[in-house]
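# Architecture at a glance
Each chain is listed here by its residues.
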Amino acid sequence: MNSNYIEILETAKKAAAAAAEIIISLQNKAKISEKGINNLVTEADIKSEAIIRQIILKAFPKHSILGEEGGGEDNMDAPHLWIIDPLDGTNNYAHGFPFFSTSIAYAENGKVKVGLVLDPTKNELFTAIEGEGAFLNGEKIKVSDKDLLSSLVSVGFYYDRGEMMRTTLKTIEKLFEHNIQGIRRTGSAAIDFCYVAAGRTDAYVEYFLSPWDFAAGMLILQEAGGVCKDAKGNTLSIKSKNIAVSNGTCTEEFLRIVKEPLTKLTEF
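This write-up is about the structure you can find in this document. (Residues numbered from 1 in each chain as written. Predicted model: local features only at pLDDT ≥ 70, side-chain atom pairs only at ≥ 80, totals over all residues. Heavy atoms only, no water.)

### Quick notes on helix α5 (residues 189-197)
The following threshold applies: Summary of the burial criterion: residues with accessible area below 20% of their type's maximum are buried, those above 50% are exposed, and those between are partly exposed, where the area comes from a 1.4 Å probe applied to protein chains only. Helix and strand definitions follow DSSP, with helices as H or I runs of at least four residues and strands as E runs of at least two, each counted in order from the N terminus.
Burial within α5 is extensive, with 9 of its 9 residues counted as buried. Those residues of α5 lying buried are Ala 189, Ala 190, Ile 191, Asp 192, Phe 193, Cys 194, Tyr 195, Val 196 and Ala 197. Phi for Gly 199, located one or two positions after α5, is positive at around 80 degrees.

This is the structure in structure tokens:
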């Protein structure tokens, strides 16, 4: 195992733990504002990202950082790029709904090498280093082998309440027409990826995401044996805008269903 990646993962763990302390301490009392319609940000987002940046740059002062709240490096092909979402699931957090996480990824030249997702309410730490497998609290995890008919599928909604929302609802309708066993929405993309990786769900689709939403989860799912595609069937990368990931067993049928409504969503 690359010793540098171990050091990077340990730094990510330290940063996530510090962020979680802030997030939990401000739970149910953080000041809330809006970045846009239905798109909330809290002081917990801002403060937790600041501490993550501080810890990373102390350990790796020459590395670049892209964060949801603080912005930063926008070159996805940067030689050393940390991609962070300090509080993925802010709307849940603001409402006291206990599904949110901290997501930290490290990429080299556009390729994610280390990924971490921490769910502080459940004390669940998902981690992966490229080529070394995926882990939950130190125990190796893998995807399920369920077919689509037997699957539990998670979906995500962007803040848009127009065409994109209708496209997602159409996809849900088609999945139910296929007679899958159920639909879930956690409200945290990072958790959605990790739940597929752990075999808790079997596939996940969302028609618009940013790299900080899924960079870490993508590596964790890949290392757990999952298949990561965008909703058009292309190989997923940190430059992708939409996702359709699965356990591998149900991939072909799943992609066929989620691609059809997307044809009308021309801008994506």
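Now that the structure has been shown, the text picks up again.
### Some details on unusual backbone geometry
A positive phi is found at Asn 109, a non-glycine position, where the angle reads about 55 degrees. Residue class for Asn 109 comes out exposed when judged on its relative accessible area of 53%.

### A look at the sheet that holds strand β15 (residues 243-246)
What counts is decided by this rule: Only strands joined by at least two bridges in the DSSP assignment are considered to pair. Lines are fitted to the C-alpha atoms to define the axes, a helix being fitted only along its stretch in contact, and any angle between axes, read from their N-to-C directions, falls within 0 to 180 degrees. Any two residues having at least one pair of non-hydrogen atoms within 4.5 Å are treated as being in contact.
Strand order in the open sheet formed by 5 strands is β12-β11-β13-β15-β14, and the pairing between neighbours is mixed. Every interior strand has two partners, whereas the edge strands, β12 (182-184) and β14 (227-229), have only one. Ignoring which end each strand starts from, the neighbouring axes of this sheet average 15 degrees apart. Strand direction decides the pairing type here: strand β11 (residues 152-155) and strand β13 (residues 203-206), joined by 3 bridges, are parallel. By the bridge assignment, Ser 154 is partnered in β13 with Tyr 204. Where helix α4 (residues 163-177) meets the sheet, its contacts fall on β11, β12 and β13, and the angle it forms with β12 comes to roughly 150 degrees.

### Describing helix α6 (residues 211-223)
For clarity, the threshold we go by: Helix span is expected to be 1.5 Å times the residue number reduced by one. Here the bend at a residue is taken as the angle between two axes, fitted respectively to the seven residues that end there and the seven that start there.
Taking 1.5 Å per residue, 13 residues should reach 18 Å; α6 reaches 18 Å between its end C-alpha atoms and fits that length. The largest bend along α6 reaches roughly 25 degrees and is located at Gly 217. Counting buried positions along α6 gives 12 out of 13 residues, so the element sits mostly inside the fold. Those residues of α6 lying buried are Pro 211, Trp 212, Asp 213, Phe 214, Ala 215, Ala 216, Gly 217, Met 218, Leu 219, Ile 220, Leu 221 and Glu 223. In the segment just after α6, Gly 225 is the residue with positive phi, at about 100 degrees.

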